[in-house]
Amino acid sequence: MEFNTNFILGCSAIGAGLAVIAGIGPGVGQGIAAGHAAAAVGRNPGAKSDVTSTMLLGQAVAETTGLYGLLIAMLLLFVKPLVP
Amino acid sequence: MEQGILLSSAADIDFMVHGVFSYELFGQTVWITTTHVCVLIVMLVIIGFCIAANRVVKHASEVPGTFQNIVELVVEMLDNMVGGVMGKYAVSFRNYIGTIFIFILLSNISGLFGLRPPTADYGVTFALGIMTFVTIHFNKFKHQKVKGVIKGLCDPWPIWAPINVIGDIAVPISLSLRLFANILSGVVMMALVYGLLSKIAYIWPGALHVYFDLFSGAIQTYVFCMLTMTYIADACTTE
C-alpha cells in the first residue's frame, strides 16, 4: 500500500506532538520534589544549601523521561525515519 | 526530497551538525564535522589553561595571586566534590572525574561563545558514557573479583541475571542520553529563537542563554559526574 510522503510527514508531526506529552511526568515529579524541598527548608532553614543541591540533582535525574519524549519527537521531525 | 516540516519562512533555523570537509579512509567517506572543530577548540582552551596553571603552580607564592587563587579554588572544589561522594576510593578517581567535569562543563557552556556545544552530538556523550561503563566494570572485576560479579548478577535468584545485564547496559545509555538531550534541547530552543524571532531577538535572548547554557549545562555536568561517581563507588564496594 502506497502512502503519500506528505501524509507520512503529517502523521510524524502528530506523533511528535503526542511524544512530547511525556513532559507531564517530569513536570509533576519536579513540582513534588520542589514542594517537599520547600517544606524541608521551612522546617530546617539551616540546611538550605544541602536541600537545594539534593533537590536539583533529583530533579535533573527525574527530567530524563521527559527528555526521552523530546528525543522521539526530534527523531520523528528531523531524522524522518518513516519516510521511505 | 527537501521538503521540511518547518514553515517556509523559517528556512534559516539551523541546529544540525554540519560537515566541514570529508576524506577517504579505507574506502569509507569520513566527515570532519562542526563537532570535531568545537571539541578541538574546547580542548585547546583546556590545554592552554593547564599550561598556564602548571607554570603558576611551579612558581607558587605564599600569598596566592589572582590566577593561582582560581586554580586552587577549582582543584579544591573538585577534590571536595569527589571526596564527599566516593570517600576512601576518592584518591584514585580524582583525576578522571575532574577531567570529565571540566571537559563537559566547558563543552556545555561553549554555546555562550557562539559554538555549537560538542555535547549536543550523541557521538561525544556516548563516548563519555562508554568510558563510565568501562571504568565501572573494570573496577567491579578488580575489587569484587569474578565470583563477586557473578554473585551480583544473580542477585535475588539466578533467573534474574538477564534483567541485571539489561540494567547494566542501560547505565551508559541513560547517562549519555540525559546529557545529550538536555544540551540538544537548549540548542534547539536557541536556534528557534534566533531563527523565528530574528527581527526582535536583540538583548533578551541573553536570559535564555543564561538558563540553557549556564544553568542547565552546569546542572547536567554535576549530575553526570555525580552519577558516574556513585556507580564507580558502588562497583568498588565489596560486601
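Above this text sits the structure in question.
Bear in mind the structure is a predicted one, so any value in this text is a computation, not a measurement. (Residues numbered from 1 in each chain as written. Chains lettered and ligands numbered in written order. Predicted model: local features only at pLDDT ≥ 70, side-chain atom pairs only at ≥ 80, totals over all residues. Heavy atoms only, no water.)

Participant: Lay out the overall build of chain A with the relevant residues and their values.
Facilitator: The number of helices and strands found in chain A is four helices and zero strands. Counting from the amino terminus, chain A carries its helices and strands in the arrangement α-α-α-α. Here the C-alpha atoms of chain A give a radius of gyration of 19 Å, more than 25% beyond the 12 Å that 2.2 N^0.38 yields for 84 residues. Considering only C-alpha atoms, chain A reaches an extent of 65 × 15 × 15 Å along its principal axes. Going through the 84 residues of chain A one by one, you find that 25% of them count as buried. For chain A, restricting intrachain contacts to residue pairs at least 6 apart in sequence, the fraction spanning at least 24 positions comes to 76%. (Helix = DSSP H or I, 4+ residues; strand = E, 2+ residues; numbered from the N terminus. Rg over C-alpha atoms; globule rule 2.2 N^0.38 Å. Buried < 20%, exposed > 50% of the residue type's maximum accessible area, 1.4 Å probe, protein only. Contact = heavy atoms within 4.5 Å.)

Participant: An account of the pattern of salt bridges is needed here, citing residue identities and associated values.
Facilitator: All names here are of chain B. All chains considered together, the criterion is met by one salt bridge over all chains. Note that R94 and D79 form a salt bridge whose closest N and O atoms lie 3.4 Å from each other. Residue R94 is found in helix α3 (residues 90-109), and its partner D79 is found in helix α2 (residues 66-86); the two are separated by 15 residues along the sequence. Relative accessible area serves as the criterion here: at 34%, R94 is assigned to the partly exposed category. (Salt bridge = Lys/Arg side-chain N within 4 Å of Asp/Glu carboxyl O.)

Participant: Which residues make up the pairing of strand β1 (residues 19-25) of chain B, and what are the values?
Facilitator: A regular strand carries its side chains on alternate faces of the sheet. All names here are of chain B. Pairing of β1 with strand β2 (residues 28-33) involves six bridges; the strand directions are antiparallel. The residue bridging F21 from the neighbouring strand is I32, located in β2. Between β1 and β2, which pair antiparallel and follow one another directly, the connecting turn spans two residues, one of which, F26, has a positive phi of 55°. (Pairing = 2+ DSSP bridges.)

Participant: If you had to explain the layout of surface pockets to someone new, which residues and values would you point to?
Facilitator: All names here are of chain B. Estimates place the volume of the largest pocket at around 850 Å³. For the largest pocket, the lining is made up of 29 residues, of which I46, L78, G98, T99 and I102 are closest to its centre. Counting residues per element, the lining of the largest pocket draws most heavily on α3, which supplies 11 residues. Along the lines of polarity and charge, the residues of the lining of the largest pocket split into 24 nonpolar, three polar and two charged. (1 Å grid on protein atoms, 1.4 Å probe; cavity = no way out; pocket = protein on both sides within 12 Å on 5 of 7 lines; lining within 4 Å. Points joined across faces, edges and corners; volume = space filled by probe spheres on them. Nonpolar A, V, L, I, M, F, W, Y, C, P; charged D, E, K, R; others polar.)

Participant: Tell me about the nonpolar core, residues and numbers included.
Facilitator: Soluble globular proteins tend to pack their nonpolar side chains together in the buried interior. Of all hydrophobic cores here, the largest spans 47 residues; its most connected members are B:M81, B:M86, B:I97, B:F224 and B:M229. Going through the elements one at a time, α4 (64-79) of chain A together with α1 (34-58), α2, α3, α4 (122-153), α5 (161-196) and α6 (205-236) of chain B are the ones with two or more residues in this core. Filtering out sequence-adjacent residues up to four positions away, B:M81 remains in contact with B:I97, B:F101, B:Y222, B:C225 and B:M229. (Core = buried A, V, L, I, M, F, W, Y, C linked by side-chain atoms within 4.5 Å.)

Participant: Could you give an account of the packing of aromatic side chains, with specific residues and numbers?
Facilitator: All names here are of chain B. Applying the stated criterion across every chain, the model contains six aromatic pairs over all chains. Ring centres 5.4 Å apart and planes at 35° place the aromatic pair Y122 and F126 in the tilted group. You can see Y122 and its partner F126 sitting in helix α4, four residues apart, about one turn around the helix. We classify Y122 as partly exposed; its relative accessible area is 28%. A relative accessible area of 32% means that F126 is categorised as partly exposed. An aromatic cluster of three or more residues is present, and its members are Y122, F126 and F180. (Phe/Tyr/Trp six-rings, centres within 6.5 Å; stacked < 30°, edge-to-face > 60°.)

Participant: I'd like a rundown of helix α3 (residues 48-62) of chain A, residues and numbers included.
Facilitator: Spanning 15 residues, α3(A) covers 21 Å between terminal C-alpha atoms, matching the ideal 21 Å at 1.5 Å per step. Among all positions of α3(A), only A:V51, A:M55, A:Q59 and A:A60 are buried. For α3(A), the angular spread of the buried residues around the axis is 160°, confining them to a single face. Along α3(A), the residues that are exposed and aim more than 90 degrees away from the buried face are A:S49, A:D50 and A:T54. Here the buried face of α3(A) lies against α2 (24-43) and α4 of chain A together with α5 and α6 of chain B. (Expected span 1.5 Å × (residues − 1). Arc of directions from axis to C-beta.)

Participant: Any chance you could break down the environment of B:L44 for me, citing the residues and the numbers?
Facilitator: Residues and elements named next belong to chain B. As for its placement among the helices and strands, L44 is situated in helix α1. A relative accessible area of 59% places L44 in the exposed class. Sequence separation between L44 and A207 is 163 residues, and the spatial gap between their C-alpha atoms is 28 Å.

Participant: How would you sum up the packing of α3(B) against α4(B)? Please name residues and give values.
Facilitator: Residues and elements named next belong to chain B. Where α3 meets α4, the axes come as close as 12 Å, and the angle between the chain directions of the two elements is 170°. If you check the angle between α3 and α4, you find them roughly antiparallel. Together, F93, Y96, I100, F103 and I104 of α3 and V124, L128, M131, T132, T135 and N139 of α4 make up the contact between the two elements. Of the residues assigned to the contact of α3 with α4, the class counts are eight nonpolar, three polar and no charged. (Axes fitted to C-alpha atoms, helices over the stretch in contact; angles between N-to-C directions. Parallel < 35°, antiparallel > 145°, perpendicular 65-115°, else oblique.)

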